[in-house]
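# Architecture at a glance
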Amino acid sequence: MTALYRKYRSAVLADLIGQDDIVRTLSNELRGGKLAHAYLFAGIRGTGKTSTARILARAVNCLEPVEGEPCNRCQACVEILDGSAVDVLEIDAASNRGIDEMRDLRERVRYLPAKLRSKVYIIDEAHMLTTEAWNAFLKTLEEPPAHVLFILCTTEPHKVPDTVRSRVQRFDFGRVSSARIDDHLRSIAAQEGVELDPAAARLIARAAQGSVRDGLSLLDQCFATGDRPVTLETCRRALGLAHPDVIRALLEGLAVRDAAGALRAAGAAFDAGADPRQLLRECSRLARAAELVAVGFAEGVRLEADEDELCRRLAAQEPDGFWLRVLEEMGAAELELRQPVDARLQVEACLLRLCRGGSAGGGEERLDRLEARLGELEGHLGSGAREARPVGRAPGAPAAAPPPAAPVHRAVRTASEPSRTGSEAARSGQRTAAAPASDPPPRLSGADPAGQPADEARASGELEVDPAEVSAVGPLGAVAADSTGTVAADPTAGAAEPGAAVVSRLPDSLVTLEAWQVAWPALIEAVNRRDRVFAGVLRGCRPLAAGPDRLVVGAPYDFHLKQLGNPAKRPILAGAVEAVAGGPRELVVEFCGAPAAPAGGAAADAGAQLTDAVVATFAGSRITSTRLVDHAHDPVDEG
Ligand SMILES: [Zn+2]
């Protein structure tokens, strides 16, 4: 039986799912005969990169194109479709990394196509090419022969050298919305004559995480069970998903730090055949929702009706960043599952950490609350008359007097952290010791148990502050969360960061620099909920570049660079980024210099960064292209 994703591979651009902008641009280029010489298709797997490349290969060679699209019936189209066309070459860079292959390609590129109008080279996994191979390829790109079209496909565009990126037209294939995948799945089920429960289709669409191909593979798995109609229950079993009641019980257990309850729920899920990774993902998805509801961004969450109610309750129960921690821990546990480990044990250890660590239940928690209350009272006593001051201050009023209640409250909350971070340090020490000798995942690496106590001591020294010191850090508190969890703009923040307004404008998918610039205040707020001081550090930084799987953060000074590189702080940032973006990102921190006055000596460097910034900003639109002059309609140049 042919896999569904092969059988239903898009045959023309108009069939591509969820890449409307790319389709529009490419269609225009094809109709106008204005294709570039070389393209870079970037994006996560299963979003249509290779399908588009193959459609382009046919479109430039089709004998009877319709509105720029290939007819898929003429001799040229048929030969390309059945893979017998010698002029269309698909190269898997993962297995052809070498400079020899690229030199060979460079030689062969010179010859005219044997049969078709254009030679098309589709280079899959292009990021796998070696530097030498890239250099050889670059020589070809500098003087591209008129009869050749290059299409580079990659899931990791940042690994493609800048020199190449600046010579190709780049398209970013975004994650496809689950609504579009849902439609697609139901249409395919109808064509296959299989009855598919709408709730089951929604579930598969969600599990596909933006990849059409993954969605179709999952649908294949459900069809393979033989159950007809395909119900929600069929789907859950085929995909190894736990029953929602079990997930609900697990999260509710976590919320009250009932370790036994959470473990019992996990045990029930495993006994019913749930996949550990899927279990973590489902819990993470709902934890993210609870966290977003807690920060007052409920509209950023798309949930089924019963889940909505659950997440609101979880958010109300634990409004202070606990669900962000759940996200971090579960993300880390999922990473560890990539190593050969006992998956069940790993999940259980994660649940135990969540119940034991943090503002642990029982005595410790009561102590924390007592401390917080004491601190609050002290704050009131200390600030005295300031209490009566109206919240809205006139501009120009001294910044050293923020409204006392909120900052003091928050400062006290962070002051109770050492006990938590201490146990966190202990456990990350354990985890490092238990990890296999091979490369540990980045978010765990460098957790140096020996170095930790000193860091913690220093950090706690900074954190145990009196109200006067809080005033000194006041300007950092641009966006503060009040006790109900709603985001409110702090009047001391000035015009720079209109918190709530910005949060509600968050774009759906954070894959571009522009989107991250808009989302930056929300990210800072997410970090602020875990670590106020660290949020202050982040406030001095800015996003430099972004892609579907990556975020580059610019650090203006060495101080910021060191703080962002601190292994104890890194997971906080990674978790916040994941929460805001709705998915993990590879985090890269780069020194970017102070924004105001760039040093004269670093001019060249600044220029390069500017280029990077421009490239990142306009990712997805035309950057630089060497154009073919409608070669499709010209006689082949014999010279
Ligand atoms: Zn054709």
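Let us look at the structure shown here.

What counts as what
Residues numbered from 1 in each chain as written. Predicted model: local features only at pLDDT ≥ 70, side-chain atom pairs only at ≥ 80, totals over all residues. Heavy atoms only, no water. Salt bridge = Lys/Arg side-chain N within 4 Å of Asp/Glu carboxyl O. Helix = DSSP H or I, 4+ residues; strand = E, 2+ residues; numbered from the N terminus. Donors = N, O, S within 2.8 Å, 3.2 Å for Na, K, Ca; no water. Buried < 20%, exposed > 50% of the residue type's maximum accessible area, 1.4 Å probe, protein only. Axes fitted to C-alpha atoms, helices over the stretch in contact; angles between N-to-C directions. Parallel < 35°, antiparallel > 145°, perpendicular 65-115°, else oblique. Left-handed = near helix turned anticlockwise from the far one by under 90°. Contact = heavy atoms within 4.5 Å. Nonpolar A, V, L, I, M, F, W, Y, C, P; charged D, E, K, R; others polar. Core = buried A, V, L, I, M, F, W, Y, C linked by side-chain atoms within 4.5 Å. Phe/Tyr/Trp six-rings, centres within 6.5 Å; stacked < 30°, edge-to-face > 60°. Lys NZ or Arg CZ within 6 Å of the ring centre and 35° of its normal. Polar contact = N/O pair within 3.5 Å; in protein donor to acceptor, adjacent residues only side chain to side chain. Pairing = 2+ DSSP bridges. Lys, Arg positive; Asp, Glu negative; His and termini not counted.

Next up on the list: the pattern of salt bridges. The final tally for this structure, using the stated rule, is 29 salt bridges. For Asp 214, the salt bridge identified is with Arg 45, shortest N-O distance 2.8 Å. Highlighted residues: Asp 214 in helix α10 (residues 212-224) and Arg 45 in the loop between β1 (38-43) and α3 (49-61), separated in sequence by 169 residues. Here Lys 159 makes a salt bridge to Glu 156, at a shortest N to O gap of 2.6 Å. Each of Arg 206, Glu 282, Arg 285 and Glu 307 takes part in one network of salt bridges that share partners.

Let us now look at the coordination of the zinc ion. Protein coordination at the zinc ion comes from Cys 62 (SG), Cys 71 (SG), Cys 74 (SG) and Cys 77 (SG), with a distance range of 2.2 to 2.4 Å. Sequence positions of the residues that donate to the zinc ion give the spacing C-x8-C-x2-C-x2-C. Within this pair, whereas Cys 62 is found in the loop between α3 and α4 (75-81), its partner Cys 74 is found in the loop between α3 and α4, the two being separated by 12 residues in sequence. You'll find Cys 62 and Cys 74 in the same group, each marked buried.

We now examine the packing of helix α14 (residues 276-294) against helix α15 (residues 305-317). At a minimum axis separation of 8 Å, α14 and α15 run at an interaxial angle of 60 degrees. Classified by the angle between their axes, α14 and α15 sit oblique to one another. For α14 against α15, the interelement crossing comes out right-handed. Contact residues: Arg 285, Leu 286, Ala 289, Ala 290, Val 293 and Ala 294 in α14; Glu 307, Leu 310, Cys 311, Arg 312, Leu 314 and Ala 315 in α15. By residue class, the composition of the contact of α14 with α15 is 9 nonpolar, no polar and 3 charged.

This part is about unusual backbone geometry. Pro 229 follows Arg 228 through a cis peptide bond whose omega is -5 degrees. A positive phi is found at Asn 72, a non-glycine position, where the angle reads about 65 degrees. With respect to the helices and strands, the residue Asn 72 is situated in the loop between α3 and α4. Residue classification places Asn 72 among the buried positions, given a relative accessible area of 18%. For Gln 209, which is not glycine, the phi dihedral falls at a positive 50 degrees.

This brings us to the nonpolar core. Membership of the largest hydrophobic core comes to 39 residues, with the highest contact counts inside it found for Leu 251, Leu 254, Trp 323 and Met 330. Mapped onto this core, the elements with two or more residues apiece are α12 (244-255), α13 (259-271), α14, α15, α16 (322-336) and α17 (343-356). With residues up to four places along the chain from it excluded, the contact list for Leu 251 reads Cys 283, Leu 286, Leu 310, Leu 314 and Trp 323.

Attention now moves to the packing of aromatic side chains. The description of an aromatic ring pair rests on the distance of the ring centres and on the angle between the ring planes. A complete count under the given rule lists 8 aromatic pairs for this structure. Where Tyr 121 meets Phe 150, the ring centres are 5.4 Å apart and the plane angle is 25 degrees; that geometry is what we call stacked. Remark: Phe 150 occurs in strand β4 (residues 148-154) and Tyr 121 occurs in strand β3 (residues 119-124); sequence separation between them is 29 residues. Tyr 121 sits in the buried class, given a relative accessible area of 2%. Overall, the relative accessible area of 1% leaves Phe 150 in the buried class. On the numbers, 5.0 Å between centres and 90 degrees between planes, the contact of Phe 137 with Phe 150 is edge-to-face. With Phe 137 in helix α6 (residues 131-142) and Phe 150 in strand β4, the pair connects residues that are 13 residues apart, well separated along the chain. The class of Phe 137 is buried, set by a relative accessible area of 1%. Within the aromatic cluster, the residues linked to one another by ring pairs are Tyr 39, Phe 41, Phe 171 and Phe 173. Taking the ring centre of Tyr 5 as reference, the NZ or CZ of Arg 213 above it sits at 5.7 Å. Lying over the aromatic face of Phe 322, Arg 257 brings its terminal NZ or CZ to 3.8 Å of the ring centre.

To continue, consider helix α9 (residues 198-207). Among all positions in α9, only Ala 200, Ala 201, Leu 203, Ile 204 and Ala 205 are buried. Close packing links the buried residues of α9 with α8 (178-192), α10 and α11 (232-239). Regarding α9, its N-cap is Asp 197, as a side-chain oxygen of that residue lies 3.0 Å from the backbone nitrogen of Ala 199 further along. With its phi angle positive at about 50 degrees, Gln 209 sits one or two positions after the end of α9.

This part takes up the sheet that holds strand β10 (residues 586-591). Read across the open sheet, the 3 strands follow the order β8-β9-β10; overall the sheet is mixed. Only two strands of the sheet have a single neighbouring strand rather than two, namely β8 (542-547) and β10. Strand-to-strand twist across the sheet, computed as the mean angle between neighbouring axes with direction ignored, equals 20 degrees. When β8 meets strand β9 (residues 550-555), the two strands line up antiparallel, connected through 5 bridges. Bridged to Ala 546 within β9 is Leu 551. The strands touched by helix α24 (residues 513-528) are β8 and β9; relative to β8, the strand with the most contacts, the crossing angle is about 140 degrees. This element, helix α26 (residues 558-565), spans β9 and β10 of the sheet and lies at about 160 degrees to β10.

Turning our eyes to something else, we now look at helix α25 (residues 532-539). In terms of burial, α25 is a largely internal element, 7 of the 8 residues being buried. Considered for burial, the residues of α25 that qualify are Arg 532, Phe 534, Ala 535, Gly 536, Val 537, Leu 538 and Arg 539.

In this section: the sheet that holds β3. Judged by pairing direction, the sheet is parallel, and its 5 strands sit side by side in the order β2-β3-β4-β1-β5 without closing on themselves. One side of each edge strand has no neighbouring strand; the edge strands of this open sheet are β2 (88-92) and β5 (169-173). In this sheet, adjacent strand axes meet at a mean angle of 15 degrees when their direction is disregarded. Two strands pair when backbone bridges link them, and β2 and β3 are joined in this way by 5 bridges, in the parallel orientation. Of the residues in β3, the one forming a bridge with Val 88 is Val 120. Contacts between helix α2 (residues 20-31) and the sheet are confined to β1 and β5, with β5 contributing the most and set at about 150 degrees to the helix. In this fold α6 packs onto β1, β3 and β4, with an angle of close to 145 degrees to the strand it touches most, β4.

For Lys 119, the position within the fold is in strand β3. For Lys 119, which is buried and forms no salt bridge, the nearest opposite charge comes from Asp 87, at a distance of 5.4 Å. If sequence neighbours within four positions are ignored, Lys 119 has contacts with Asp 87, Arg 108, Tyr 111, Leu 112, Pro 113, His 147, Val 148 and Leu 149.

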